[in-house]
Every structure is written in C-alpha cells, then in structure tokens.
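Breakdown of the fold
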Amino acid sequence: MNNFNLFAEVFNERGALLAIFGAMGGAVRSAALKTTWREGLRVTFIGTTTAFGVGVLAPILLRPWIGELPEGMAAALGTLCSCAFLVGLLAVTFIERSLAQSGETGQLGEAEK
C-alpha cells in the first residue's frame, strides 16, 4: 500500500531551506533599510512565508528579472534557494506596492499608530 503523507511532502527539507533563504532575504532588506526590530520581524516573516508559499515556482515567477535558465537548472537546489532569497528580499515591496495601488495604506492601522 502506498503510504502518501501530504504533511511530509509539503513540510520537507526543501521547504525548510526555501523558508530559511526567504527569511534571510527579508532580514537583508530589513538591515539594509535600518528598520526597527518590529518592522524587521514583520519583513522577515513575510519573506519566510512568501518564499515557502511560492516554493519551486520562484524561478518561473522571477524569469522577467533573472532571465531564462539553462535546461534543468530551475529545479536545482542552489537555484531554488537563490530565488527564495530574492523572493524574501522583494516580497514586502511587491505587497506594499500592490496595497498602495489598490488604495490601502500597507502600514499600521489607525488604532495601532
């Protein structure tokens, strides 16, 4: 009998590496902009979750910026980790710009200010 475990397939070593590299991308963005520790934690969390959620699609989504990859490179672990880092680095910017275009502020709500 095939013992397929969806939880183990989703939360495996590759997913953990993508989350770690996404967190590093968010942390680099936070350090470069010299944000507060709370903002840094938010940016790192968003980088982690976005890189994990995008997963192996990151090289395809980043194709306009990184160009075409050689055959078989998109699935290589080094390529995936590099793309996860870039997703973590850029995720907050994409989210904030999307919110700004839709009329949202993307910042703390009035009750939290």
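To keep things clear, this report deals only with the structure shown in the data block. Bear in mind that the values here come from a model prediction, so they are computed numbers and not experimental data. (Residues numbered from 1 in each chain as written. Predicted model: local features only at pLDDT ≥ 70, side-chain atom pairs only at ≥ 80, totals over all residues. Heavy atoms only, no water.)

We now examine the nonpolar core. Within soluble globular proteins, side chains that are nonpolar tend to cluster in buried spots. With nine residues, the main nonpolar core is built from Leu-18, Ala-51, Val-54, Ala-58, Leu-62, Leu-80, Cys-83, Ala-84 and Val-87. Taken together, the elements giving at least two residues each to this core come down to helix H3 (37-54) and helix H6 (77-101). Looking at this core, the element that brings in the most residues is H6, giving four residues. Each residue touching Val-54, except ones within four places of it in the same chain, is listed here: Leu-61 and Val-87. (Core = buried A, V, L, I, M, F, W, Y, C linked by side-chain atoms within 4.5 Å. Buried < 20%, exposed > 50% of the residue type's maximum accessible area, 1.4 Å probe, protein only. Helix = DSSP H or I, 4+ residues; strand = E, 2+ residues; numbered from the N terminus. Contact = heavy atoms within 4.5 Å.)

Our focus in this paragraph is the packing of H3 against H6. Where H3 meets H6, the closest approach of the two axes is 8 Å, and the angle between their N-to-C directions is 115°. When the axis of H3 is compared with that of H6, the two are roughly perpendicular. By crossing handedness, the relation of H3 to H6 is classed as right-handed. Facing H3, whose interface residues are Glu-39, Arg-42, Val-43, Ile-46, Gly-47, Thr-50, Ala-51 and Val-54, H6 presents Ala-84, Val-87, Gly-88, Ala-91, Val-92, Ile-95 and Glu-96. Split by residue class, the contact of H3 with H6 holds nine nonpolar, three polar and three charged. (Axes fitted to C-alpha atoms, helices over the stretch in contact; angles between N-to-C directions. Parallel < 35°, antiparallel > 145°, perpendicular 65-115°, else oblique. Left-handed = near helix turned anticlockwise from the far one by under 90°. Nonpolar A, V, L, I, M, F, W, Y, C, P; charged D, E, K, R; others polar.)

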